[in-house]
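Here are the chains, one letter per residue:
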Amino acid sequence: MAVDVQGLDADPNSPAAFANNIQVAHTMALRIQQLALSVISGIEQAYNNTSNPLQTAADLAALNGTLVSFNAFLVQTGVGGLPLSVPGPGEEPITEQHLLDKHEATMSALYARMMGPKDAASTVADVLNAPDRK
């Protein structure tokens, strides 16, 4: 099996390559977050004398280019099929257990919502099929 320059397997589907792709995606997401915050700050401070509109425009162009690159990277590597979150300042990264709990809660809510009409229809059928009591 051939090994590339970075020491990762040549197979793009190998666990090492996948772990590296996730790390690169997180790095790119952090860069996007930094650029977005810089652009927002530049727009909010647009009428300040200390604001530099050229820097804001450069940050916006860099953000646009990074978003295009990020999209292409996610599509090419397949990492885009996974939930990717970047924790904000003071936040913990989302764990697999948290995702499982969130998924379970969503599924339970959907199940309850779908069972509501069925239960109501069952009650109506029971009332309609009940013998008349006088």
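The rules behind these values
- Residues numbered from 1 in each chain as written.
- Predicted model: local features only at pLDDT ≥ 70, side-chain atom pairs only at ≥ 80, totals over all residues.
- Heavy atoms only, no water.
- Helix = DSSP H or I, 4+ residues; strand = E, 2+ residues; numbered from the N terminus.
- Expected span 1.5 Å × (residues − 1).
- Bend = angle between axes of the 7 residues up to and from the residue.
- Core = buried A, V, L, I, M, F, W, Y, C linked by side-chain atoms within 4.5 Å.
- Buried < 20%, exposed > 50% of the residue type's maximum accessible area, 1.4 Å probe, protein only.
- Contact = heavy atoms within 4.5 Å.

Draft legend 1. Just helix α3 (residues 96-129), in detail. Under the 1.5 Å per step criterion, the end-to-end length of α3 is 48 Å for 34 residues, consistent within 8% with the ideal 50 Å. Of all the bends in α3, the largest measures some 30 degrees and sits at methionine 115, one to four residues before the proline proline 117.

Draft legend 2. Spatial organisation of the nonpolar core. Listed in full, the 11 residues of the largest apolar core are Ala25, Met28, Ala29, Ile32, Leu35, Val39, Leu63, Phe70, Phe73, Leu74 and Val79. Elements with a minimum of two residues in this core: α1 (15-44) and α2 (53-77). Per-element tally for this core: the top contributor is α1, with 6 residues. Sequence-distant contacts of valine 39, that is, excluding residues within four places in its chain, are made with Thr56, Asp59, Leu60 and Leu63.

Draft legend 3. Looking closely at the side chain of asparagine 21. With respect to the element layout, asparagine 21 can be found in helix α1. Judged by relative accessible area, asparagine 21 falls into the buried class, the value being 14%. Excluding residues that lie within four positions of it along the chain, asparagine 21 makes contacts with Phe73, Thr77 and Val79.

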